[in-house]
Amino acid sequence: DPKIIQKPKYLVAVTGSEKILICEQYLGHNAMYWYRQSAKKPLEFMFSYSYQKLMDNQTASSRFQPQSSKKNHLDLQITALKPDDSATYFCASSQEGGPVFFGKGTRLTVV
Amino acid sequence: GQQVQQSPASLVLQEGENAELQCNFSTSLNSMQWFYQRPGGSLVSLFYNPSGTKHSGRLTSTTVIKERRSSLHISSSQTTDSGTYLCALDRNNRIFFGDGTQLVVKP
């Protein structure tokens, strides 16, 4: 959905480095999410936020930290990157109780 | 996701044939949604269908909450329908995805 903007579209990072994935939504939604999809694997839920507050965290590693500076922003900071972090990261949003819409994803490759 | 079971895992059709994709839930849900994932990876919402039947062009979605199932019917398939179809259930603000059905429509 063009109203959910993810930046960058592609990202190559060196092992051990830190990156921030950007997500902004202009749908007026109060809930935002991050999902991860590794090659040929199902979508994996990571985080959900509602009104800029963390609601659910299914990511075991503290290297993944969501950051919400504004109510329509939910960035994802990843530290100490590993090759296994290579995946496409999708941001999504919804009005609570309504349909979920996805951004086009950021494809991260860690070398 | 184990809470969402999709079938079949893959399906090959000749253009013009119909397809029926199934989604079964092992838990209660607030709502459910069907997505199409393009070969390039982006996700398109097809239906938000907590219950009943909805139509959109050649697509029909039917959800029967008390039977914990939903289906997606594609009529007169086209080569451009090829891709992955995902169902997802919303339970307490967490969205659980099935593993998807990979559809290939041959000309």
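Residues numbered from 1 in each chain as written. Chains lettered and ligands numbered in written order. Predicted model: local features only at pLDDT ≥ 70, side-chain atom pairs only at ≥ 80, totals over all residues. Heavy atoms only, no water.

Undergrad: What is the right way to look at the environment of Leu54(A) in this model?
TA: All names here are of chain A. Looking at the secondary structure, you find Leu54 in strand β6 (residues 53-57). Judged by its relative accessible area of 45%, Leu54 falls in the partly exposed class. With 34 residues separating them in the primary sequence, Leu54 and Thr88 have C-alpha atoms 22 Å apart. Here Leu54 is in contact with Phe47, Ser48 and Tyr49, once residues within four sequence places are set aside. (Helix = DSSP H or I, 4+ residues; strand = E, 2+ residues; numbered from the N terminus. Buried < 20%, exposed > 50% of the residue type's maximum accessible area, 1.4 Å probe, protein only. Contact = heavy atoms within 4.5 Å.)

Undergrad: Sorry, what's going on with the state of the cysteines here?
TA: Covalent bonding between the sulfur atoms of two cysteines is what defines a disulfide. Residue and element names in this part refer to chain A. Following the criterion strictly, the structure yields two disulfides over all chains and no others. Covalently, Cys23 is tied to Cys91 through a disulfide, its sulfur atoms 1.9 Å apart. The chirality of the disulfide connecting Cys23 with Cys91 is left-handed, given an S-S dihedral of about -70 degrees. With a gap of 68 residues between them, Cys23 in strand β3 (residues 19-25) and Cys91 in strand β9 (residues 87-94) connect regions that are remote in the sequence. (Disulfide = S-S within 2.5 Å.)

Undergrad: What is the right way to read the sheet that holds strand β8 (residues 69-74) of chain B from this model?
TA: By way of backbone hydrogen bonds, the strands of a sheet pair with one another, either parallel or antiparallel. Residue and element names in this part refer to chain B. On the basis of which strands lie adjacent, the open sheet formed by five strands has the order β1-β3-β8-β7-β6 and antiparallel pairing. Every other strand in the sheet has two partners, leaving β1 (4-7) and β6 (52-56) as the edge strands with one partner each. Going from strand to strand, the sheet's axes swing by 15 degrees on average, the running direction of each strand aside. The sheet contact formed by strand β7 (residues 59-64) and β8 spans six bridges and is antiparallel. Within β8, the position partnered with Thr60 by the bridge is His73. (Pairing = 2+ DSSP bridges. Axes fitted to C-alpha atoms, helices over the stretch in contact; angles between N-to-C directions.)

Undergrad: Help me understand the pattern of salt bridges, please; the structure alone is not making it clear to me.
TA: Close approach of charged atoms allows side chains with opposite charge to pair. Scanning the model with the defined rule gives four salt bridges over all chains in all. Among the ionic pairs, Arg63(A) bridges to Asp85(A), the shortest N-O distance being 2.8 Å. Note that Arg63(A) is positioned in the loop between β6 and β7 (64-67) and Asp85(A) in the loop between β8 (75-78) and β9, a separation of 22 residues in sequence. By the burial criterion, Arg63(A) is buried, and Asp85(A) matches it. A salt bridge links Arg69(B) to Glu67(B); the nearest nitrogen and oxygen atoms lie 2.6 Å apart. A residue is classified by how much of its surface remains accessible, and Arg69(B), at 28% relative accessible area, is partly exposed. Of the residues examined, Glu67(B) reaches a relative accessible area of 46% and is grouped as partly exposed. (Salt bridge = Lys/Arg side-chain N within 4 Å of Asp/Glu carboxyl O.)

Undergrad: I keep staring at the confidence of the model for chain B and nothing clicks. Help me out?
TA: The predicted structure's coordinates, where accompanied by low pLDDT, should not be read in detail. Summing up the model confidence of chain B, the mean pLDDT is 91 and the portion of residues at 70 or higher is 97%. Taken element by element, the predicted model of chain B shows its lowest mean pLDDT in strand β10 (residues 94-97) of chain B (83) and its highest in strand β2 (residues 10-14) of chain B (97). (pLDDT = per-residue confidence, 0-100.)

Undergrad: Looking at this structure, I do not really get the interface of chain A and chain B. What am I missing?
TA: One frequent convention defines the size of an interface as the accessible area lost when the parts assemble. Of the residues lining the interface, 19 residues belong to chain A; the matching set on chain B comes to 17 residues. When the two sides are added together, the surface that chain A and chain B hide from each other amounts to roughly 1500 Å², 54% of it contributed by carbon and sulfur. On the chain A side of the contact with chain B, Leu43(A), Val100(A) and Phe102(A) bury the most area, a combined 27% of that side's loss. The tally of links between chain A and chain B comes to zero salt bridges. Of the residues contributing to the side of chain A that touches chain B, the split by class is ten nonpolar, five polar and four charged. (Buried area = accessible area lost by both parts, 1.4 Å probe. Nonpolar A, V, L, I, M, F, W, Y, C, P; charged D, E, K, R; others polar.)

Undergrad: Just checking my understanding: could you explain the packing of aromatic side chains for this structure?
TA: What characterises a pair of aromatic rings is the spacing of the ring centres plus the angle enclosed by the ring planes. Going through the model one piece at a time under the given rule, you end up with ten aromatic pairs over all chains. Geometrically, the ring pair formed by Tyr36(B) and Tyr85(B) is tilted, given 5.1 Å between the ring centres and 45 degrees between the ring planes. Of this pair, Tyr36(B) sits in strand β4 (residues 31-37) while Tyr85(B) sits in strand β9 (residues 83-91); the two residues are 49 residues apart in sequence, bridging distant segments of the chain. This pair shows no difference in class: Tyr36(B) is buried, exactly as Tyr85(B) is. An aromatic cluster is defined as three or more aromatic residues linked by ring pairs; in this entry it consists of Tyr33(A), Tyr35(A), Phe45(A), Phe90(A), Phe102(A), Phe35(B) and Phe97(B). The lysine or arginine in question, Arg36(A), covers the ring of Phe64(A), its NZ or CZ lying 5.1 Å from the ring centre. (Phe/Tyr/Trp six-rings, centres within 6.5 Å; stacked < 30°, edge-to-face > 60°. Lys NZ or Arg CZ within 6 Å of the ring centre and 35° of its normal.)

Undergrad: Just checking my understanding: could you explain the side chain of Ser94(A) for this structure?
TA: Residue and element names in this part refer to chain A. Here Ser94 lies in strand β9. For Ser94, a relative accessible area of 1% translates into the label buried. If sequence neighbours within four positions are ignored, Ser94 has contacts with His29, Asn30, Ala31, Tyr33, Pro99 and Val100.

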